[in-house]
Amino acid sequence: MKKTAAGDQAGGDLPRAQHPHVPSQVSAEGKTRQEVARLLLEQGPMTAVVVAEQLGISPTAVRRHLDALLADGEAETRDAPRRGPRGRGRPAKLFLLTEPGRARFGHAYDDLAVSAIRFLAEHAGEDAVRAFAEQRIEKLVGPHRSAITGPGDPASRAEALATALSREGYAASTRQIGALQASKEAPGPGQNTGAQLCQHHCPVAHVAAEFPQLCEAETEAFAKLLGTHVQRLATIARGDSACTTHVPVTAGQPAHPEPVSTEPSRAAAKPLSPGRTARIPNGGKPA
């Protein structure tokens, strides 16, 4: 028996039977939308009427969820093929998932990438993995090179690099630390100043966890673009909350990041060479 539209308005648009592996959602609305999306994944393209029949809910409720999927770019429509003589009226609409809609159900891209690089390492050696990592980061930042290297000072270049990385999906930002946090004046002798480049998302974190060459090549590319030695303080691949890179204010100066803990052993830690990752007490989380 189908539920009525009135029942849907009262919150009764849940399917009569749950499909397996449906992620838990905060609301019944979210669960039903996931069911609609899964049906399109498994059996689509299909009309709203067929979706309603399959899930045992009203066409009105189904169209509400389909409209939401369309608005979010997770579904699209196409005209259903006509059968028999051409009649009046518009052809029925078939709904199907887009690539973002399919992403609701996960991909095995990370596993595939790890397997491919593992194969490369076994058959061509570590140098081949390194060359791949360098080529990858070059293709990522290369189109933004002129915008990044335009400013004269490393701090401004770091801001331009953050903008470029955000456009590539890394959700990056910068913040000033040390004396420059409160003043734009030049730092005095012994003052610990600079900028921190924070990448709050890493699309290749799962792969980089096994192949740190990706992080090392990225750090070296940053140093060349910014015109100064930089130090990677934390990475998402190692379990930190963000990939954090220290950029000293004066070009050519070694990186001495501002301690974020009063622990003597941590505060006195020596900087690492380019391409290596140091650990910091707050896990790289920006203030």
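Shown above is the structure to which this text applies.
These lines cover the structure that appears in this document, whether it is placed above or below. (Residues numbered from 1 in each chain as written. Predicted model: local features only at pLDDT ≥ 70, side-chain atom pairs only at ≥ 80, totals over all residues. Heavy atoms only, no water.)

**Here we look at the overall build of the protein**
Just so we agree on the cut-off: Strands here are runs of E lasting at least two residues and helices are runs of H or I lasting at least four, both read from the DSSP assignment and numbered beginning at the N terminus. Exposed residues in this analysis have more than 50% of their type's maximum accessible area, buried residues have under 20%, and partly exposed residues fall in between, with area computed by a 1.4 Å probe over protein chains only. We call two residues contacting when some pair of their heavy atoms lies within 4.5 Å. Here the open area of atoms and residues is found with the Shrake-Rupley method and a 1.4 Å probe, where only the protein chains shown may cover a residue.
Per the secondary structure count, the protein includes twelve helices and six strands. Here the protein holds 287 residues, and the buried ones make up 39% of them. Taking all contacts inside the protein whose residues are at least 6 apart in sequence as the whole, residues at least 24 apart take part in 57%. For the protein, the computed accessible surface area is about 15800 Å², with 53% contributed by carbon and sulfur atoms.

**Topic: the environment of Leu94**
Relative to the helices and strands, Leu94 is located in strand E2 (residues 93-97). Along the chain, Leu94 and Pro81 lie 13 residues apart, while their C-alpha atoms are 9.2 Å from each other. Those residues in contact with Leu94 that sit more than four places away from it in its chain are Pro45, Met46, Thr47, Glu76, Thr77, Arg78, Asp79, Ala80 and Pro81.

**Some details on helix H7 (residues 126-141)**
The line we're drawing: Take the number of residues in a helix, subtract one, and multiply by 1.5 Å to get its expected span.
The end-to-end C-alpha distance of H7 is 23 Å, a good match for the 22 Å that 16 residues give at a rise of 1.5 Å each. Taken together, the buried positions of H7 are Ala128, Val129, Arg130, Ala133, Arg136, Ile137, Leu140 and Val141. In this structure, the buried side of H7 is in contact with helix H6 (109-124), helix H8 (145-149), helix H9 (154-167) and helix H11 (213-226).

**Digging into the environment of Glu126**
Tracing the sequence through the fold places Glu126 in helix H7. Sequence-wise, Glu126 and Phe211 are 85 residues apart; in three dimensions their C-alpha atoms are separated by 9.9 Å.

**A closer look at the pattern of salt bridges**
Condition: We define a salt bridge as a contact between a side-chain nitrogen of Lys or Arg and a carboxyl oxygen of Asp or Glu at a distance within 4 Å.
By the definition in use, this model includes nine salt bridges. Its salt-bridge partner being Lys93, residue Asp79 comes within 3.0 Å of it at the nearest N-O pair. Of this pair, Asp79 sits in strand E1 (residues 75-79) while Lys93 sits in strand E2, and the two are 14 residues apart along the sequence. Relative accessible area serves as the criterion here: at 45%, Asp79 is assigned to the partly exposed category.

**Re the packing of helix H2 (residues 28-43) against helix H4 (residues 59-71)**
Applied cut-off: Note on geometry: axes are lines fitted to C-alpha atoms, helical ones only across the stretch in contact, with angles between N-to-C directions running from 0 to 180 degrees. The cut-offs work like this: below 35 degrees is roughly parallel, past 145 is roughly antiparallel, 65 to 115 is roughly perpendicular, and the gaps in between are oblique. The nonpolar class holds Ala, Val, Leu, Ile, Met, Phe, Trp, Tyr, Cys and Pro. Asp, Glu, Lys and Arg form the charged class, and all remaining residues, Gly among them, are polar.
Two numbers describe how H2 lies on H4: the axes approach to 10 Å, and their chain directions differ by 75°. Here H2 lies roughly perpendicular to H4, going by the angle between them. On H4, the residues touching Glu29, Thr32, Arg33, Val36, Ala37 and Leu40 of H2 are Arg64, His65, Leu66, Ala68 and Leu69. A per-class count over the contact of H2 with H4 returns six nonpolar, two polar and three charged.

**Remarks on empty space enclosed by the protein**
Which parts of space are left empty comes out when a probe the size of a water molecule is rolled across the atoms. For the record, the criterion: Definitions used for this entry: grid spacing 1 Å over protein atoms alone; cavity, a set of points where a 1.4 Å probe fits but cannot get out; pocket, an open set with protein on both sides within 12 Å along at least 5 of 7 lines; lining residue, one with an atom within 4 Å of a point. Grid points are joined across faces, edges and corners, and a volume is the space filled by probe spheres set on the points.
Evaluation of the coordinates by the stated rule reveals one cavity of 30 Å³ or more. Its boundaries defined by the atoms lining it, the largest cavity holds a volume of some 50 Å³. The wall of the largest cavity is formed by Arg136, Tyr170, Gln199, Cys202, Val204, Ala208, Leu214, Cys215, Glu218, Arg232 and Cys243. Looking at the lining of the largest cavity element by element, the count peaks at three residues for H11. The class makeup of the residues in the lining of the largest cavity is seven nonpolar, one polar and three charged.

**Overview of H6**
Quick note on the threshold: The arc in question is the one traced by the directions running from the helix axis out to the C-beta atoms.
If you check H6, its first and last C-alpha atoms are 22 Å apart, about what 16 residues at 1.5 Å a residue would give, namely 22 Å. Of the positions making up H6, those classed as buried are Val114, Ile117 and Ala121. Axial view of H6: buried residues confined to an arc of 70°, hence all on one face. Exposed residues on H6 whose side chains face more than 90 degrees from its buried face are Tyr109, Leu112, Phe119, Glu122 and His123.

**A closer look at unusual backbone geometry**
The phi torsion at Ala171 lies on the positive side, around 50°, for a residue other than glycine. Looking at where Ala171 falls in the secondary structure, it is placed in the loop between H9 and strand E3 (172-177).

**Remarks on the environment of Ala195**
Position of Ala195 among the secondary structure elements: in strand E4 (residues 194-199). In the structure, Ala195 is positioned 21 residues away from Thr174 in sequence and 6.6 Å away in space, judged by C-alpha atoms. Look past the residues within four positions of Ala195 in its chain and what remains in contact with it is Arg175, Gln176, Ile177, Thr245, His246 and Val247.

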